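Residues per chain are reported as follows:
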Amino acid sequence: MESQRRFAVMGINLFKILNKLCHNQKLCRLLKYQSPNPFSEDFEDVDGSELLTKQIRYVPKYPEDEVESSYVMAVFNNFIINPTNPDFKLTTIRFEVVCPYTEWIIDEGNLRPYLLMQEIDDMFNQAKLNGLGNLQFVKCEPLTLSPQMGGYSMVYQINEFN
């Protein structure tokens, strides 16, 4: 097993997280179908791998000219060496959920960013991920990218290693 000390392992772990996001049908529908009812039977199920690098992002940069789509970005933050076990890096995982303000309202009487955040929280809060350990929700803060786009930044910490 690769040591958590190596940054290359963090890239492998990030792709495990992205894979989980790509396989969540509700999350993928919320991202792909900018409609008041993304869960309508009028829309086909989404192949989440088609959203990778588009609406499901791992490079901490959003397209500059795209204000018609919603996004989820996953990045590792704040790397430090675990003082009690230097074979591990401690880090936080940040999920940014960003949507056009015109697409926030969903017919179910809810807001698109909150539904996306709920899917992420269901997948990752208190989840044990191979190679990472247990994740624990830390905080969520508003995020404004432009007058057209905004959302939230969710932070999870590694609570305990495998």
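The rules behind each value
Residues numbered from 1 in each chain as written. Predicted model: local features only at pLDDT ≥ 70, side-chain atom pairs only at ≥ 80, totals over all residues. Heavy atoms only, no water. Helix = DSSP H or I, 4+ residues; strand = E, 2+ residues; numbered from the N terminus. Rg over C-alpha atoms; globule rule 2.2 N^0.38 Å. Buried < 20%, exposed > 50% of the residue type's maximum accessible area, 1.4 Å probe, protein only. Contact = heavy atoms within 4.5 Å. Areas by Shrake-Rupley, 256 points an atom, 1.4 Å probe, with all protein chains shown as cover. Lys, Arg positive; Asp, Glu negative; His and termini not counted. Charge placed at Lys NZ, Arg CZ, Asp CG, Glu CD. Expected span 1.5 Å × (residues − 1). Axes fitted to C-alpha atoms, helices over the stretch in contact; angles between N-to-C directions. Parallel < 35°, antiparallel > 145°, perpendicular 65-115°, else oblique. Left-handed = near helix turned anticlockwise from the far one by under 90°. Nonpolar A, V, L, I, M, F, W, Y, C, P; charged D, E, K, R; others polar. Salt bridge = Lys/Arg side-chain N within 4 Å of Asp/Glu carboxyl O. Phe/Tyr/Trp six-rings, centres within 6.5 Å; stacked < 30°, edge-to-face > 60°. Lys NZ or Arg CZ within 6 Å of the ring centre and 35° of its normal.

1. Focus on the overall build of the protein chain
Phase 1 of the analysis: Check the secondary structure of the protein chain and you find three helices and eight strands.
Phase 2 of the analysis: Compactness check: the protein chain gives a C-alpha radius of gyration of 16 Å against a globular reference of 15 Å for 162 residues, within 12% of the reference.
Phase 3 of the analysis: Across the 162 residues of the protein chain, 49% fall into the buried class.
Phase 4 of the analysis: At a minimum sequence separation of 6, the contacts of the protein chain that also span at least 24 residues come to 58%.
Phase 5 of the analysis: For the protein chain, the exposed surface amounts to about 8600 Å²; the carbon and sulfur share of it is 51%.
Phase 6 of the analysis: Placing the 15 positive and 21 negative side-chain charges of the protein chain at their respective mean positions leaves the two points 10 Å apart.

2. Section: helix H1 (residues 7-22)
Phase 1 of the analysis: Spanning 16 residues, H1 covers 23 Å between terminal C-alpha atoms, matching the ideal 22 Å at 1.5 Å per step.
Phase 2 of the analysis: Buried within H1 are the following residues: Val-9, Met-10, Asn-13, Leu-14, Ile-17, Leu-18, Leu-21 and Cys-22.

3. A look at unusual backbone geometry
Phase 1 of the analysis: Residue Thr-53 is not a glycine yet carries a positive backbone phi of 75°.
Phase 2 of the analysis: Relative to the elements of secondary structure, Thr-53 occurs in the loop between helix H2 (25-32) and strand E1 (56-57).
Phase 3 of the analysis: Thr-53 sits in the partly exposed class, given a relative accessible area of 41%.
Phase 4 of the analysis: A positive phi angle, near 65°, is found at Gln-126, a position not held by glycine.
Phase 5 of the analysis: Within the fold, Gln-126 resides in the loop between helix H3 (112-124) and strand E6 (128-129).

4. Here we look at the packing of H2 against H3
Phase 1 of the analysis: At a minimum axis distance of 9 Å, the contact between H2 and H3 shows a crossing angle of 155°. Regarding the angle of H2 to H3, the classification is roughly antiparallel. The crossing of H2 and H3 is left-handed. Taken together, the residues of H3 that come into contact with H2 (itself represented by Lys-26, Leu-27, Leu-30 and Leu-31) are Arg-112, Leu-115, Leu-116, Glu-119, Ile-120 and Met-123.
Phase 2 of the analysis: Residue classes in the contact of H2 with H3 are distributed as seven nonpolar, no polar and three charged.

5. Section: the side chain of Arg-57
Phase 1 of the analysis: Of note, Arg-57 is situated in strand E1.
Phase 2 of the analysis: Nearest to the buried, unbridged Arg-57 among oppositely charged side chains is Glu-96, at 8.9 Å.
Phase 3 of the analysis: With residues near it in sequence (within four places) discarded, Arg-57 still touches Leu-18, Tyr-62, Pro-63, Tyr-71, Val-72, Met-73 and Ala-74.

6. Some remarks on the pattern of salt bridges
Phase 1 of the analysis: Scanning all chains against the criterion turns up five salt bridges.
Phase 2 of the analysis: Glu-96 is the salt-bridge partner of Arg-94, the closest N and O atoms lying 2.9 Å from each other. In terms of burial, Arg-94 and Glu-96 fall into one category: buried.

7. Digging into the packing of H1 against H3
Phase 1 of the analysis: Viewed as axis vectors pointing N to C, H1 and H3 meet at an angle of 125°, and their least axial separation amounts to 11 Å. Taken together, the axis directions place H1 and H3 in an arrangement best described as oblique. Classified by chirality, the crossing of H3 by H1 is right-handed. Residues Ile-17, Lys-20 and Leu-21 of H1 pack against Ile-120, Met-123 and Phe-124 of H3.

8. Examining the packing of aromatic side chains
Phase 1 of the analysis: All chains considered together, the criterion is met by nine aromatic pairs.
Phase 2 of the analysis: Ring geometry for Tyr-101 and Trp-104: centres 5.5 Å apart, planes at 40°, overall tilted.
Phase 3 of the analysis: Its relative accessible area of 14% is what places Trp-104 among the buried residues.
Phase 4 of the analysis: Between Tyr-114 and Tyr-152, the aromatic rings sit 5.5 Å apart at their centres with planes inclined by 35°, giving tilted as the arrangement. In this pair, Tyr-114 sits in helix H3 while Tyr-152 sits in strand E8 (residues 149-160), placing the two residues 38 residues apart along the sequence.
Phase 5 of the analysis: The buried category is assigned to Tyr-152, whose relative accessible area is 15%.
Phase 6 of the analysis: One aromatic cluster is present, formed by Phe-95, Phe-124, Phe-137 and Tyr-156 through successive ring pairs.
Phase 7 of the analysis: Above the ring of Phe-124, the side-chain terminus of Lys-20 is found at 5.8 Å from the ring centroid.
Phase 8 of the analysis: The cationic tip of Lys-26 hangs over the ring face of Phe-39; the distance from NZ or CZ to the ring centre is 5.5 Å.

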